[in-house]
Amino acid sequence: MSGPAEDLRVRRLRTRLHEAGLSGSFLVRDLRTGQQVAIGPEERYAVASLVKVPLAMAVLERVATGVIDPARRLRVGPGDPALADRPGPPGTGRFRHAVDVAVEDLLYLAVSLSDSTAADALFGLVPPPEVGAHLAAIGIEGIEVRHPVGDLNATPAERLDAAEGHLAHRLAIGTGTADGGHAVAQLDLTRASTATATALADLLEVLWAPAGASRVRPEVALRVRTLLGLNVMRQRLATELASDAARWSSKTGTLLNERHEAGVVEHDDGGVLAVVALTRSRVPAVVQPVAEAEMAAVARGLHDVLRAG
């Protein structure tokens, strides 16, 4: 999109991000027309739990071809007792006893509840290189899948007392390099699983493409869309994009000072827009409701710019 008035609106949203202590990469794409509006869409970020979406696609592809039995049970847990009572995502990683869970149910836990222990059980069936190969096979470039999700639980934050979490955030904020290196391995763009907003929008586009026009099997795309629609993490973009007249289906990702979300909003009037928000905070705090609110407001602002035409 172009035009001085539109450019000014986007510039103001970028300024709003900066004033909230955030930097970010945002993209909103109309999946019917291909038009889009963005802020830094080619910047690369460590994507944390967003990697569970291509993982689910790769697992479901193997289910569809009969390689994996969706009823097969895998042993998961118990979680790390040292982390069981600390704030964090829900799931089997908080269980105190091992359980056997079917592959199909692990997919629900991994995507809809962001259960990292469930995701790593699935990575045991389809390792990161195979997930990357599946992305290449369906023509998606720009997403690097390099490690299981459990590796994200070995950051400085897990080695400190809960009251010292801000120190881990100071380390995350202050030790990055201009070329993407980082003292925290999980934030190092040469070692972490990474993506750009453009690549994530491309992934959402193939999932929402009409039957017969997608490079993804219809049954795989439908199941992934359903799991994204069941996402229980509603504290970010859903606050601005979900309503009685708009369905929001998404996946979040969180890693120290980085907060992300990628999804699709389907309006009752037929509008279908992919929305990707990748953010990095300069505020050394574990709980940041302002960051959550501002990233949602900026995503909504770009959404409205695109809808206005």
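Notes on the structure follow. These figures come from a predicted structure and were not determined experimentally.

**What about the pattern of salt bridges?**
Logical step 1: In the structure shown here, the tally under the stated rule is 12 salt bridges.
Logical step 2: For the salt bridge of D202 with R29, the shortest nitrogen-to-oxygen distance reads 2.8 Å. Of the two residues, D202 sits in helix α8 (residues 197–208) while R29 sits in strand β1 (residues 22–30), which places them 173 residues apart along the sequence.
Logical step 3: On the accessibility criterion, D202 (25% relative accessible area) is partly exposed.
Logical step 4: Given a relative accessible area of 6%, R29 falls into the buried group.

**Remarks on the environment of L207**
Logical step 1: Inspection of the secondary structure puts L207 in helix α8.
Logical step 2: What makes L207 buried here is its relative accessible area of 0%.
Logical step 3: The sequence separation of L207 and R217 amounts to 10 residues, and the corresponding C-alpha distance is 9.1 Å.
Logical step 4: In contact with L207, other than residues within four places in its own chain, are V53, M57, A221, V224, R225 and L228.

**Some thoughts on the sheet that holds strand β10 (residues 272–281)**
Two orientations exist for strands paired in a sheet by backbone hydrogen bonds: parallel and antiparallel.
Logical step 1: One open sheet holds the 5 strands; their spatial order is β2-β1-β10-β9-β8, and the pairing between them is antiparallel. The strands lining the two open edges of the sheet, one partner per strand, are β2 (36–39) and β8 (246–255). Shown here is a sheet whose adjacent strand axes are inclined to one another by a mean of 10°, direction ignored.
Logical step 2: Sheet topology places β1 next to β2; 4 bridges connect them, and they run antiparallel. Within β2, the position partnered with F26 by the bridge is I39.
Logical step 3: Taken strand by strand, helix α11 (residues 289–308) contacts β1, β2, β9 (258–267) and β10, and its axis lies near 35° from that of β1.

**A few points about a nonpolar patch on the surface**
Logical step 1: Taken together, the side chains of Y108, L230 and V232 make up a nonpolar region of the molecular surface, amounting to roughly 230 Å² of accessible area.
Logical step 2: Position of L230 among the secondary structure elements: in the loop between α9 (218–229) and α10 (238–241).

**Observations regarding the nonpolar core**
Logical step 1: M57, L106 and I143 are the most contacted members of the largest nonpolar core, which totals 60 residues.
Logical step 2: Broken down by element, the residue count for this core peaks at 9 residues, all from α8.
Logical step 3: For L106, the contacting residues outside a window of four places in its chain are L74, V76, V101, A118, A121 and L122.
Logical step 4: Core analysis: the second largest hydrophobic core is formed by 26 residues, F26, W248, A296 and A299 among them.

**Some thoughts on the environment of P148**
Logical step 1: Considering the arrangement of structural elements, one finds P148 in the loop between β6 (143–144) and α6 (156–159).
Logical step 2: Overall, P148 belongs to the partly exposed group, its relative accessible area being 29%.
Logical step 3: With 96 residues separating them in the primary sequence, P148 and K52 have C-alpha atoms 9.5 Å apart.
Logical step 4: Residues in contact with P148, not counting those within four places in the same chain, are D120, F123 and P128.

**Description of the packing of helix α2 (residues 52–64) against α8**
Logical step 1: Interhelical geometry of α2 versus α8 gives an angle of 40° and a closest axis separation of 11 Å. Here α2 lies oblique to α8, going by the angle between them. Considering only the axes of α2 and α8, their crossing is left-handed. Across the interface between the two elements, V53, P54 and M57 from α2 touch L203, V206 and L207 from α8.
Logical step 2: Residues belonging to the contact of α2 with α8 are distributed by class as follows: 6 nonpolar, no polar and no charged.

Rules and cut-offs
Residues numbered from 1 in each chain as written. Predicted model: local features only at pLDDT ≥ 70, side-chain atom pairs only at ≥ 80, totals over all residues. Heavy atoms only, no water. Salt bridge = Lys/Arg side-chain N within 4 Å of Asp/Glu carboxyl O. Helix = DSSP H or I, 4+ residues; strand = E, 2+ residues; numbered from the N terminus. Buried < 20%, exposed > 50% of the residue type's maximum accessible area, 1.4 Å probe, protein only. Contact = heavy atoms within 4.5 Å. Pairing = 2+ DSSP bridges. Axes fitted to C-alpha atoms, helices over the stretch in contact; angles between N-to-C directions. Patch = residues over 30% accessible without salt bridge, like charges linked within 9 Å, V, L, I, M, F, W, Y side chains within 5 Å. Areas by Shrake-Rupley, 256 points an atom, 1.4 Å probe, with all protein chains shown as cover. Core = buried A, V, L, I, M, F, W, Y, C linked by side-chain atoms within 4.5 Å. Parallel < 35°, antiparallel > 145°, perpendicular 65-115°, else oblique. Left-handed = near helix turned anticlockwise from the far one by under 90°. Nonpolar A, V, L, I, M, F, W, Y, C, P; charged D, E, K, R; others polar.

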